Amino acid sequence: MAAIEVCKGIHSVGVLNPNMRVFDVVMKTEYGTSYNSYLVEGDHKKALIETVHHRYFNQYIQNIEQVCPLNEIDYVVLNHNEPDHSGSLAMLMEKIPNATVVLSQAGSVYIKNITNRTDLKVQVAKSGDVIDLGGKPPSFVSAPFLHWPDSMFTYVKEDKLVFTCDFLGSHYCEPTMHDQEITYLEKYKFAFKGYYDAIFGPFKPYVIAGLEKLDALDADIVCPSHGPILTGGGLLDYTKEMYKAWSTPAEHSEKVIPLFFCTAYGNTEQVAAAIRDGILEVLPGAKCELYDLIDHDLGEMGALLNSSDAFCIGTPTINRDAVPPVMMLLAHVD
């Protein structure tokens with residue numbers, strides 16, 4: 001992917017990974033992903049927002065150099081420090097050793113271990129702090145647990161544009177990087193929901209707080225670290241509405257008590273059915289259904305578990321332990 005202008009003075013310089021099918025071991029990425037990075041140019045200084053996975057370093061450098069020489073970069077802002085964001089940092093700093101790395105207080109601790117370097121020129125950003133590039137000063141908003149303790153947003157008020165890190169992102173490889181040019185919209189929406197479930201589902205109270213912070217910024221353009229850029233004329237309102245709906249605690253007129261199980265010879269299923277019957281004797285109006293995990297998507301089952309009033313899990317044992325589908329479901333518990 002070549003550099004793409006987002007607005008005057010801001011370019012997307014990240015890279016695409018259309019062939020990725022599994023992210024962070026457990027998350028399916030049927031439509032690939034992107035490692036987004038952005039270059040912000042002021043009148044006097046320039047800042048990179050995020051870096052990319054280290055495997056794409058050479059292409060990343062080529063994209064940056066389409067916009068400006070590397071030695072003109074004064075700041076590297078890391079809104080979050082996982083290796084898909086910071087993986088190229090150590091190599092990048094070899095080329096721009098005088099640049100300042102800007103990150104949160106927690107990020108300033110993490111980055112030393114991630115890069116195995118203690119000599120980086122680091123500047124800790126707190127909410128309300130700015131870096132003056134000359135006419136376009138990015139400011140920072142603390143956004144912890146969206147989805148790491150180190151997460152923050154970077155806001156460019158002059159352009160009503162905010163870099164939200166993983167927040168509102170998606171593992172969806174969109175070559176144009178613009179939400180208004182997505183060819184397969186329903187596939188994007190599917191990927192967007194799966195991304196939320198896997199990454200932000202466990203942090204729903206923080207998601208609500210993050211949406212409030214985002215609304216306070218009154219941004220028309222949201223630049224996440226994965227997936228297409230979101231705009232006021234495109235999908236920005238949709239993505240915010242979905243995050244709010246998915247993160248708001250459900251109010252049930254009747255109790256929702258799903259029973260999840262795996263069964264090798266049918267015995268665990270019989271036990272689950274007996275437990276369901278017992279629950280319905282006490283709570284006849286409850287929505288109490290059986291779910292054989294072999295027949296259902298674990299992401300959907302995890303979402304159901306986390307939105308339930310109570311739940312039951314049954315499993316046979318192999319070598320005195322629960323079977324893998326059950327353990328994988330339990331990994332989804334908020």
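Here's a quick rundown of the structure. (Residues numbered from 1 in each chain as written. Predicted model: local features only at pLDDT ≥ 70, side-chain atom pairs only at ≥ 80, totals over all residues. Heavy atoms only, no water.)

**Brief notes about the overall build of the protein**
Quick note on the threshold: A helix here means a DSSP run of H or I that spans at least four residues, while a strand means a run of E at least two residues long, and both kinds are numbered starting from the N terminus. Radius of gyration: over C-alpha atoms. The globule rule applied is 2.2 Å multiplied by the number of residues raised to the 0.38 power. Only protein chains enter the accessibility calculation, which uses a 1.4 Å probe. A residue is then buried if its area is under 20% of the maximum for its type, exposed if over 50%, and partly exposed in between. Pairs of residues are marked as contacts when any of their non-hydrogen atoms sit within 4.5 Å. Residue burial considers only the protein chains on display, and all accessible areas are found by Shrake-Rupley using a 1.4 Å probe.
Summing up its helical and strand segments, the protein has 10 helices and 21 strands in all. Computed over C-alpha atoms, the radius of gyration of the protein comes to 22 Å, within 12% of the 20 Å expected from 2.2 N^0.38 for 334 residues, which places it in the range of a compact globule. Along the first, second and third principal axes, the C-alpha set of the protein runs to 70 × 40 × 40 Å. When each of the 334 residues of the protein is scored for burial, the buried share is 50%. Taking the intrachain contacts of the protein between residues at least 6 apart in sequence as the baseline, contacts between residues at least 24 apart amount to 68%. For the protein, the exposed area adds up to about 15800 Å²; of that, 51% sits on carbon and sulfur atoms.

**Here we look at the pattern of salt bridges**
Stated formally: Throughout this description, the term salt bridge denotes a Lys or Arg side-chain nitrogen within 4 Å of a carboxyl oxygen of Asp or Glu.
Under the definition given, this model contains 10 salt bridges. Measuring nitrogen to oxygen at the nearest pair gives 3.4 Å for the salt bridge that ties R117 to E94. Taken as a pair, R117 in the loop between α4 (105-115) and β11 (122-124) and E94 in helix α3 (residues 89-95) lie far apart in primary sequence, 23 residues in all. Among the residues examined, R117 registers a relative accessible area of 17% and is labelled buried. For E94, a relative accessible area of 59% gives the class exposed. Because the salt bridges share partners, they merge into one network encompassing E94, R117 and D119.

**Description of the packing of helix α6 (residues 204-217) against helix α7 (residues 236-247)**
Rules: Lines fitted to C-alpha atoms define the axes here, with helix axes fitted over just the stretch in contact, and angles between the N-to-C directions of these axes take values from 0 to 180 degrees. Each angle is binned into one of four classes, with values under 35 degrees roughly parallel, values over 145 roughly antiparallel, values of 65 to 115 roughly perpendicular, and all other values oblique. Working rule for handedness: look at the near helix, and if it is turned counterclockwise from the far one by less than a right angle, call the crossing left-handed; if clockwise, right-handed.
Where α6 meets α7, the axes come as close as 9 Å, and the angle between the chain directions of the two elements is 150°. As judged from the angle between their axes, α6 and α7 are roughly antiparallel. For the pair α6 and α7, the crossing hand works out as left-handed. Residues K204, V207, I208, L211, L214 and D215 of α6 touch α7, and the partners they reach there are K240, Y243, K244, W246 and S247.

**Topic: the sheet that holds strand β18 (residues 290-292)**
The cut-off we apply is this: Paired strands, in this sense, are two strands between which DSSP finds at least two bridges.
Taking strand neighbours across the sheet as the criterion, the 3 strands line up as β18-β17-β19 in an open arrangement whose pairing is parallel. Looking at which strands have only one partner, the edges of the open sheet turn out to be β18 and β19 (312-314). This sheet shows a mean twist of 20° between the axes of neighbouring strands, independent of strand direction. Each of β17 (259-261), β18 and β19 is contacted by helix α8 (residues 267-282), which is oriented at about 175° to β17, the strand it contacts most.

**A few points about the sheet that holds strand β9 (residues 75-77)**
Taken together, the 7 strands give an open sheet; going across it, the order is β1-β2-β7-β8-β9-β10-β11, and neighbouring strands pair in mixed fashion. In the strand order of this sheet, the two ends are held by β1 (4-7) and β11, each with one partner. Each adjacent strand pair in this sheet contributes to an overall mean axis angle of 25°, direction not counted. Pairing of strand β2 (residues 10-12) with strand β7 (residues 38-41) involves 3 bridges; the strand directions are antiparallel. By the bridge assignment for β7, H11 is matched with L39. In the packing of α4 onto the sheet, contacts are made with β10 (100-103) and β11, and the angle to β10 comes to roughly 125°.

**Comments concerning helix α1 (residues 57-65)**
As a reminder, the rule being used: In this description, one arc is meant: the one made by directions from the helix axis to the C-beta atoms.
Among the residues making up α1, those that are buried are F57, Y60, I61, N63 and I64. On an axial view of α1, the arc spanned by its buried residues comes to 160°, and they lie on one face. In this structure, α1 carries N58 and Q62 as exposed residues pointing more than 90 degrees from its buried face. Turning to α1, the residues buried within the fold contact β3 (15-17), β8 (46-49) and α3.

**Overview of the packing of helix α5 (residues 185-200) against α7**
How two helices pack is summed up by the angle between their axes together with the distance between the axes. Using the following cut-off: Classification used: nonpolar for Ala, Val, Leu, Ile, Met, Phe, Trp, Tyr, Cys and Pro, charged for Asp, Glu, Lys and Arg, polar for all others including Gly.
Where α5 contacts α7, the axes come no closer than 11 Å and their chain directions differ by 45°. Relative to α7, α5 is oriented oblique. Handedness of the α5/α7 crossing: right-handed. Every residue of α7 that contacts α5 at Y188, K189, F192, K193, Y195, Y196 and F200 is listed here: Y238, T239, M242, Y243, W246 and S247. Here the residues of the contact of α5 with α7 sort into 9 nonpolar, 2 polar and 2 charged.

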